[in-house]
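Spelled out, the chains give:
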Amino acid sequence: MGMFLSLSGIIGKNQNEVVIGLTNYSKSVNGGLEIDNNLTTDDGNCCVMQEVNANTTILYPSDYLEWDKSSKFLSKELDTPVFSFHIHDGDLWMYILYYKGEIIDQFNPIPDYWEEINDAEFERWKGNASKIAELISGVDVKDIEKYLVRWDLDADDTHKAYPDDEFTQEDWQLTDFMKKIGLPYPIDENGKSTGQSYKLWTDELRLKQKSVSNSNINSINNSEKPWWKIW
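Thresholds applied
- Residues numbered from 1 in each chain as written.
- Predicted model: local features only at pLDDT ≥ 70, side-chain atom pairs only at ≥ 80, totals over all residues.
- Heavy atoms only, no water.
- 1 Å grid on protein atoms, 1.4 Å probe; cavity = no way out; pocket = protein on both sides within 12 Å on 5 of 7 lines; lining within 4 Å.
- Points joined across faces, edges and corners; volume = space filled by probe spheres on them.
- Helix = DSSP H or I, 4+ residues; strand = E, 2+ residues; numbered from the N terminus.
- Nonpolar A, V, L, I, M, F, W, Y, C, P; charged D, E, K, R; others polar.
- Disulfide = S-S within 2.5 Å.
- Buried < 20%, exposed > 50% of the residue type's maximum accessible area, 1.4 Å probe, protein only.
- Pairing = 2+ DSSP bridges.
- Axes fitted to C-alpha atoms, helices over the stretch in contact; angles between N-to-C directions.
- Contact = heavy atoms within 4.5 Å.
- Polar contact = N/O pair within 3.5 Å; in protein donor to acceptor, adjacent residues only side chain to side chain.

Participant: Please clarify how the layout of surface pockets should be interpreted in this entry.
Facilitator: Sizing a probe to match a water molecule and rolling it over the atoms shows the empty space that remains. For the largest pocket, the calculated volume is near 320 Å³. Lining the largest pocket we find 20 residues, and of these Phe4, Leu5, Thr41, Leu59 and Ser62 sit closest to its centre. Of all the elements in the fold, those that place two or more residues in the lining of the largest pocket are strand E1 (5-10) and strand E3 (46-52). In terms of residue class, the lining of the largest pocket is made up of 14 nonpolar, five polar and one charged. What lines the second largest pocket is simply Glu166, Phe167, Trp172, Thr175, Met178, Lys179, Leu183, Pro184, Tyr185, Ile187, Asp188 and Glu189. Looking at the lining of the second largest pocket, its residues break down into seven nonpolar, one polar and four charged.

Participant: Just checking my understanding: could you explain the state of the cysteines for this structure?
Facilitator: Two cysteines whose sulfur atoms are joined by a covalent bond form what is called a disulfide. Counted under the stated rule, the structure contains zero disulfides. Cysteine 46 carries a free sulfur, and the closest cysteine sulfur to it, the one in cysteine 47, is 7.2 Å from it. The exposure class assigned to cysteine 46 is buried, which follows from its relative accessible area of 4%.

Participant: It is not clear to me how the sheet that holds E3 should be interpreted in this structure. Could you clarify?
Facilitator: Strands belonging to one sheet form pairs held by backbone hydrogen bonds; the direction of such a pair is parallel or antiparallel. One open sheet accounts for eight strands, arranged E2-E8-E3-E4-E1-E5-E6-E7; its pairing is antiparallel. This sheet does not close on itself; its edge strands, each paired only once, are strand E2 (32-35) and strand E7 (102-107). The mean inter-strand angle of the sheet, taken between neighbouring strand axes irrespective of direction, is 25 degrees. Taken strand by strand, helix H1 (residues 15-28) contacts E1, E2, E3, strand E4 (55-59) and strand E8 (196-201), and its axis lies near 150 degrees from that of E3. Its contacts with the sheet place helix H2 (residues 67-77) against E1, E4, strand E5 (82-88) and strand E6 (92-99), and it is angled at close to 170 degrees to E5.

Participant: Explain the environment of aspartate 112 to me, please; I cannot follow it from the model alone.
Facilitator: By secondary structure assignment, the location of aspartate 112 is in the loop between E7 and helix H3 (119-124). Of the residues examined, aspartate 112 reaches a relative accessible area of 29% and is grouped as partly exposed. Remark: the alpha-carbon pair of aspartate 112 and tryptophan 125, spanning 13 residues in sequence, is separated by 9.8 Å. Residue contacts for aspartate 112: discarding those within four places in its chain leaves Ile117, Phe122 and Arg150. A polar contact is formed between the side chain of aspartate 112 and the side chain of arginine 150, at a distance of 3.4 Å.

The following block contains the structure:
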């Protein structure tokens, strides 16, 4: 099995503001958020945040399935654009861009990865560099549009979207895209956190640490998940 990764990329908000927003989200789903410097990304409730130039990234715990829900919440709570990023099984990266709680744009390089879809669904997942540039100051369409292409799975090899990228058309191309829109990736090349670690828990993500009372934990929420969250 490949890598599953989920992040929120919050534009124009510092880490303190994002902490307040994510705390409010976690409380809304009977959970919580607290600083814990003893956690590593191997821990089931470890959430890492890093801010660069007033843009903040949240790397969620490995078993966290609420990245779209929390990204949507943060975009409304903080009144700012928020990307919900996902790497799925090491095969692809994708995003949904929220603003004021609404979907503004979305991208998947293999939109029919899970099942056959119609033309309208393909169109929805094409990504729109102009919409991103309109919302994010300093981002130029020409610097990101080449990421937003459908991958040819029959090609003999892949290529970089831009000469200065680190990665070709693969899951980690996400980090090149994040750099272009001014978002940090809070893990270094050795897999070590470069940001602040927090303990995050919700209804769906049970608390695996013992420092918080079990009275704060409710049973797992069995609400229906999007069709592509199949694991």
